[in-house]
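Single-letter residue listing:
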Amino acid sequence: MPIADQASLTINQPDVALIFEGGGMRNSYTAPVVVELLARNINFGRVYGISAGSSHTVNYLVRDAVRARASFVELVQYPRFGGWKSFLAGHGYFNGPYLYEELIETAPADDPMRFDWDTFHANPADVHIEALDWDTGETVAFTKADMREARDVGLMVRASSTMPIFMPPTTIGSRTYVDGGMGASWGILLNAARADGFERFCIIRTQPRGYRKKPMGSLEQRLFRAAFRKHPVVAERTIARWQPYNELCDEIEHLEATWRRRAPPGSSTPMPWRSPTRPPTTTPSCAPTKPVRPRPAAT
């Protein structure tokens, strides 16, 4: 496939980290943000995504607005998408190997899910996707340096998106992974972006402002521990996730409120980026402090 016009790949927001929250099919509501960012040619140098947010991440880098929508809208109509028949056959309620690796490798040019590897590879922006090793409990990060071919992209996005119970775990090499939302970043890769040196963030949420998770009930806890008795780290991370996730939400909202207080008088849409085409009309949850030097591109 032809590589996207080089001008559309030029990074013009080098000091802001773009972060996509996961959330399963709730990401159908944030897919339009990917489409809008592409339409405005707003190009971040490093993009972070976890679980379903990792699909947004790769669709953003491939510069494909059609695929960004199809991944959460048209795709559910595909006969092999999944369902209880797929679940009982051992492929998972969401048919991961088909949805991720197979479509990336084999979707024809007229399929909205076709994947433009050439543009993804040529894009100077990098990605950061995380998954949880279900044996050790270690959070593992994947970047473009780990993605040497299109199949690697699909496999690593699947690893980050593997919902326990609903999908079989994903094996890459000698390690087996489940949903990155249970890892050290707890579903929103704010601290990962900070570790890379960023101090300005544009965070695309899938939950409304003010949302907080509730602790899992005792019956649910017992069921999870029974289901994952051979891999207890999965159960314990799922049970414990509500508290660190809520603390992360508190911090993001505090950062956003701090930015709004610092915005110039009369500014109704304070944004940490500069649109090269037209002024913004939407306000994602953005939390900048001071700019930092751009992070070097991956080699």
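Owing to the predicted nature of the structure, the values given are computational and were not obtained by experimental measurement. (Residues numbered from 1 in each chain as written. Predicted model: local features only at pLDDT ≥ 70, side-chain atom pairs only at ≥ 80, totals over all residues. Heavy atoms only, no water.)

K.L.:
So, the pairing of strand 4 (residues 139–142): which residues are in play, and what are the values?
P.N.:
Side chains Val140 and Phe142 project from strand 4 onto a buried face, and the interleaved Thr139 and Ala141 project onto a face without burial. Bridge analysis of strand 3 (residues 126–133) against strand 4 gives four bridges, and the strand direction is antiparallel. Its bridge partner lying in strand 4, Ile129 is registered against Phe142. The antiparallel pairing of strand 3 with strand 4 creates a hairpin that spans five residues between the two strands, and Gly137 there sits at a positive phi of about 80°. (Buried < 20%, exposed > 50% of the residue type's maximum accessible area, 1.4 Å probe, protein only. Helix = DSSP H or I, 4+ residues; strand = E, 2+ residues; numbered from the N terminus. Pairing = 2+ DSSP bridges.)

K.L.:
Got a sec to walk through unusual backbone geometry? Specific residues and values, please.
P.N.:
Of note, the phi angle at Ile165 is positive, near 75°, even though the residue is not glycine. Note that Ile165 resides in the loop between helix 7 (150–161) and strand 5 (170–172).

K.L.:
I'd love a proper account of a nonpolar patch on the surface, names of residues and values included.
P.N.:
Together, Trp84, Ile165 and Phe166 make up an exposed nonpolar region whose accessible area comes to about 320 Å². Tracing the sequence through the fold places Phe166 in the loop between helix 7 and strand 5. According to the relative accessible area criterion, Phe166 is partly exposed, its value standing at 35%. (Patch = residues over 30% accessible without salt bridge, like charges linked within 9 Å, V, L, I, M, F, W, Y side chains within 5 Å. Areas by Shrake-Rupley, 256 points an atom, 1.4 Å probe, with all protein chains shown as cover. Salt bridge = Lys/Arg side-chain N within 4 Å of Asp/Glu carboxyl O.)

Any functional reading would require information beyond the geometric quantities listed.
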